[in-house]
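Descriptive structure summary
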Amino acid sequence: MAAYTVVMENLKERAEFMKESMHKSQTITDNMISILGSFDHRLSALETAMRPTQIRTHSIRKAHENIDKTLKVAESILAQFDLARQTEAKILRGPHEDLESYLEAVNQLRSIVKFFSSTKGLKSSIGMINHASNLLAKSVLKLEEEFRQLLTSYSKPVEPDRLFDCLPQSLRPSTGSPSKGDGTGMKEHQRSLETVVYHPPALIPPRILPLLHELAQQMIQAGHQQQLYTIYKEIRSSVVEQSLRKLGVERLGKEDVQKMQWEVLEAKIGNWIHFMRISVKLLFAAEKKVSDQIFEGQDSLRDQCFAEVTANSVAVLLSFGEAIAKSKRSPEKLFVLLDMYEIMRELQSEMDIVFGSKYCSEMREAAKVLTDRLAETAQETFVDFEEAVEKDATKTSVLDGTVHPLTSYVINYVKFLFDYQSTLKQLFGDADDGNSKDQLGVITTRILQALQSNLDGKSKQYKDPALTQLFLMNNIHYIVRSVRRSEAKDVLGDDWVQIHRRVVQQHANQYKRISWSKILQTLSVQGVSTAGSGSFTGEVTSSNSGISRSTVKDRFKTFNMLFEEIHQRQSQWTVPDSELRESLRLAVAEVLLPAYRSFIKRFGPMIEGGKNPQKYIRYTPEDLERMLTEFFEGKTWKGP
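Residues numbered from 1 in each chain as written. Predicted model: local features only at pLDDT ≥ 70, side-chain atom pairs only at ≥ 80, totals over all residues. Heavy atoms only, no water.

With respect to the overall build of the protein
In terms of helices and strands, the protein carries 23 helices and zero strands. Sequence-distant contacts, at least 24 apart, represent 81% of the contacts inside the protein between residues at least 6 apart. Split by element, the accessible area of the protein, about 34,700 Å² in all, is 52% carbon and sulfur. (Helix = DSSP H or I, 4+ residues; strand = E, 2+ residues; numbered from the N terminus. Contact = heavy atoms within 4.5 Å. Areas by Shrake-Rupley, 256 points an atom, 1.4 Å probe, with all protein chains shown as cover.)

In structure tokens, the structure reads:
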């Protein structure tokens, strides 16, 4: 209990102490608040007293800042006035002496107009804007004139020799004018054309193009785009047309073409092919580079200008092709039509690139129309040629039975066709999407069938049926031999060759039967030998019994008469192929000489023992053999 009392006393003492401490702390706090409040009041009073001074100081600082800004603005305005005076002097001098400096002055003039347009409240701004705008208008007119003069000075027609030097070596003419194109020159390097690189000439010096570009940009910026377009079209189109005229291009229509002799027209077609290649790959390609550089960044104006510059020249070139395609068809035109079709196909990719813009769509379409029309005309000419061959009614006759001119003409025609296999592949591929090789074979077969049909008709003009067979033998053999030695064999096939070789042999057999069967009958005792029955073996089967001397004499006389007649006539006939000629002589000798030897051996003694035996036995077998070598040599014809 006593311990409890002690604890409670201690706690009470501590509580009293803490209470006293808190009271002292509150008193100190109240005193501090009172002191701080008094201090704040004095600071507020001080601030109130200093405020007017602060306001005056701020105003002075602001005034200084405004004065600085005003001075700077005045300086910039004065600088613009000074710049305007300097620029005006350059503008009045014109661009001709120093174009680069002049262009810089024009840009400065535009910046001056922009500066004063953005300056508000300055009385002199309007006057300066009007003055600078007037100068700017004058400067643009001077720029326009400078563009015209500069473009005119450096726009000269391209000389033909310079264009020829840009061609691959194999395509350059050997003389100062284009070669007379017959298509053969182009065939020699046709395969290499795809990899040949052309280098179009620089029509305007490279150092001048950036100046023209900058002038063009300034005119466009000043709103003179139409004037720029007109000037460019007028100058460059004239130069392109002059370049083509120097090259030899002339505007020719259908009527002009129809009046020309074929030799003249053929030469002009060859030149046209040359001109087309030069124009598209060199001249027009170079012209496009010029417009691309001058109007860089102005795509629409660039394409429009190029289209207008080249439109008339392209039309002149294509008009000649159209005139040929629309002119009266004839067989000799087929190959030049194929040449023209070939060059149009060759240039198609370049045409699509050079004339690729929408403004050139008419030119692209015109080129495509011409290509299609040339293809159509060529296909129609094939049909015409086939009909012409079958119906050929020329009075030209070959009295000696040799190869007819029509045959050699048609065969040469077919040979030339195979020089155009790649072209014909495109032609027939475009026409029917079929197998072009098969199509070429069909056409060739039809042409040769038409020729054989015509030859059959011509062979009937001969009164001598043996000569009819010899004529057909010669001509069919010429056809077969020509096919075997040409690319036509790959298209027509071995079967065609073998079939027609048998036809040649059939005509040779018919010739032998008709020419020699009768004379061989005279060498048989009965007059009816195996040869007489038509097998043409020449075998004599009769015996000596019962045959009189007079009969033998008659047989020898008849033989001599028939042989001399055949010799006289057939030595005037012609078998132009040496191998065929020797083969035919050998075939005759193989049946005639054994029969004659056998006849002399059996019946010669009956004549030799009588009077004038040489009157009947005129020829030894050796004489006949020698005389056979004179057959088919084409000696002078003395009568039908």
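A closer look at the pattern of salt bridges
Applying the stated criterion to the full structure yields 25 salt bridges. Taking the shortest distance from any N to any O, the salt bridge between E234 and R148 comes out at 3.7 Å. Within this pair, whereas E234 is found in helix α7 (residues 225-247), its partner R148 is found in helix α3 (residues 123-153), the two being separated by 86 residues in sequence. With a relative accessible area of 46%, E234 lands in the partly exposed category. Several salt bridges share partner residues, and in doing so they unite K288, D292, D299, R302 and D303 into one network. (Salt bridge = Lys/Arg side-chain N within 4 Å of Asp/Glu carboxyl O. Buried < 20%, exposed > 50% of the residue type's maximum accessible area, 1.4 Å probe, protein only.)

Topic: helix α6 (residues 209-221)
Between its first and last C-alpha, α6 extends 18 Å over 13 residues, near the 18 Å set by a 1.5 Å rise per residue. All of the buried residues in α6 are L209, L212, H213, L215, A216, Q218, M219 and I220. In the stretch just after α6, G223 is the one whose phi turns positive, near 85°. (Expected span 1.5 Å × (residues − 1).)

Quick word on α7
Counted at 1.5 Å a residue, the expected span for α7 with its 23 residues is 33 Å, and the 33 Å between its end C-alpha atoms agrees. For α7, every residue scored as buried is listed here: L228, Y229, I231, Y232, I235, R236, S237, V239, V240, S243, L244 and L247. G248 sits one or two residues past α7 and shows a positive phi near 120°.

Observations concerning the environment of A325
Mapped onto the fold, A325 is located in helix α10 (residues 299-326). Through-space distance from the C-alpha of A325 to that of L370 is 7.8 Å; in sequence the pair is 45 residues apart. Aside from chain neighbours lying at most four places away, what touches A325 is R373, L374 and T377.

Thoughts on a positive patch on the surface
A cluster of basic residues, K415, R484, R485 and R501, forms a positive patch on the protein surface. Within the secondary structure, R485 is located in the loop between α17 (465-484) and α18 (488-492). (Patch = residues over 30% accessible without salt bridge, like charges linked within 9 Å, V, L, I, M, F, W, Y side chains within 5 Å. Lys, Arg positive; Asp, Glu negative; His and termini not counted. Charge placed at Lys NZ, Arg CZ, Asp CG, Glu CD.)

Considering the side chain of R585
Position of R585 relative to the elements: it lies in helix α22 (residues 578-608). Residue classification places R585 among the buried positions, given a relative accessible area of 8%.

Notes on the side chain of T468
Among the secondary structure elements, T468 is positioned in helix α17. Setting aside its immediate chain neighbours within four residues, T468 contacts S459 and Y462.

Structural notes on the packing of helix α14 (residues 405-417) against α17
Between α14 and α17, whose axes approach to 10 Å, the crossing angle comes to 15°. Judged on the interaxial angle alone, α17 and α14 are roughly parallel. For the element pair α14 and α17, the recorded crossing hand is right-handed. Here T407, S408, I411 and K415 of α14 lie close against α17, whose contacting residues are N475, Y478, I479 and S482. (Axes fitted to C-alpha atoms, helices over the stretch in contact; angles between N-to-C directions. Parallel < 35°, antiparallel > 145°, perpendicular 65-115°, else oblique. Left-handed = near helix turned anticlockwise from the far one by under 90°.)

What about the packing of aromatic side chains?
Enumeration according to the criterion identifies 21 aromatic pairs in this entry. Note on F335 and Y420: the rings are 5.8 Å apart at their centroids and 35° apart in plane angle, and the pair reads as tilted. Placement of F335 in helix α11 (residues 334-346) and of Y420 in the loop between α14 and α15 (421-432) is noted, with a sequence separation of 85 residues between them. Relative to Y413, the ring of Y409 has its centre 6.0 Å away and its plane inclined at 50°; by these criteria the two rings are tilted. Of this pair, Y409 and Y413 both sit in helix α14, four residues apart, roughly one helical turn. (Phe/Tyr/Trp six-rings, centres within 6.5 Å; stacked < 30°, edge-to-face > 60°.)

Structural notes on unusual backbone geometry
Phi is positive for F632, which is not a glycine, with a value near 65°. By secondary structure assignment, the location of F632 is in the segment after α23 (621-628).

Some details on the packing of α6 against helix α9 (residues 262-294)
Packed helices, taken two at a time, are described by the angle their axes make and the gap between the axes. It is at 8 Å that the axes of α6 and α9 come closest, and there the two elements cross at 50°. Classed by the angle they form, the pair α6 and α9 counts as oblique. Side by side, α6 and α9 meet where L209, L212, H213 and A216 of the first sit next to V290, Q293 and I294 of the second. Grouping the amino acids of the contact of α6 with α9 by side-chain chemistry returns five nonpolar, two polar and no charged. (Nonpolar A, V, L, I, M, F, W, Y, C, P; charged D, E, K, R; others polar.)

Observations concerning the nonpolar core
Nonpolar side chains in soluble globular proteins generally cluster together in the buried interior. In this structure, F147, I294, Y511, W516 and F563 are the most contacted members of the largest nonpolar core, which totals 157 residues. Top contributing element to this core by residue count: α9, with 15 residues. (Core = buried A, V, L, I, M, F, W, Y, C linked by side-chain atoms within 4.5 Å.)

Description of the environment of L470
Along the chain, L470 turns up in helix α17. For the pair formed by L470 and N509, sequence separation is 39 residues and the distance between their alpha carbons is 9.7 Å. Setting aside anything within four residues of it in sequence, one finds L470 in contact with D400, G401, Y511, W573, T574, V575, L584 and F632.

Some remarks on the confidence of the model for the protein
When pLDDT is averaged along the protein, the result is 81, and 72% of the positions lie at 70 or above. In this model residues 179-194 is a low-confidence stretch, pLDDT under 50, and it forms 30 contacts with partners more than four residues away in sequence or in other chains. Segment residues 527-544 is flagged for pLDDT under 50; beyond a separation of four residues in sequence, or across chains, it makes 39 contacts in the model. (pLDDT = per-residue confidence, 0-100.)

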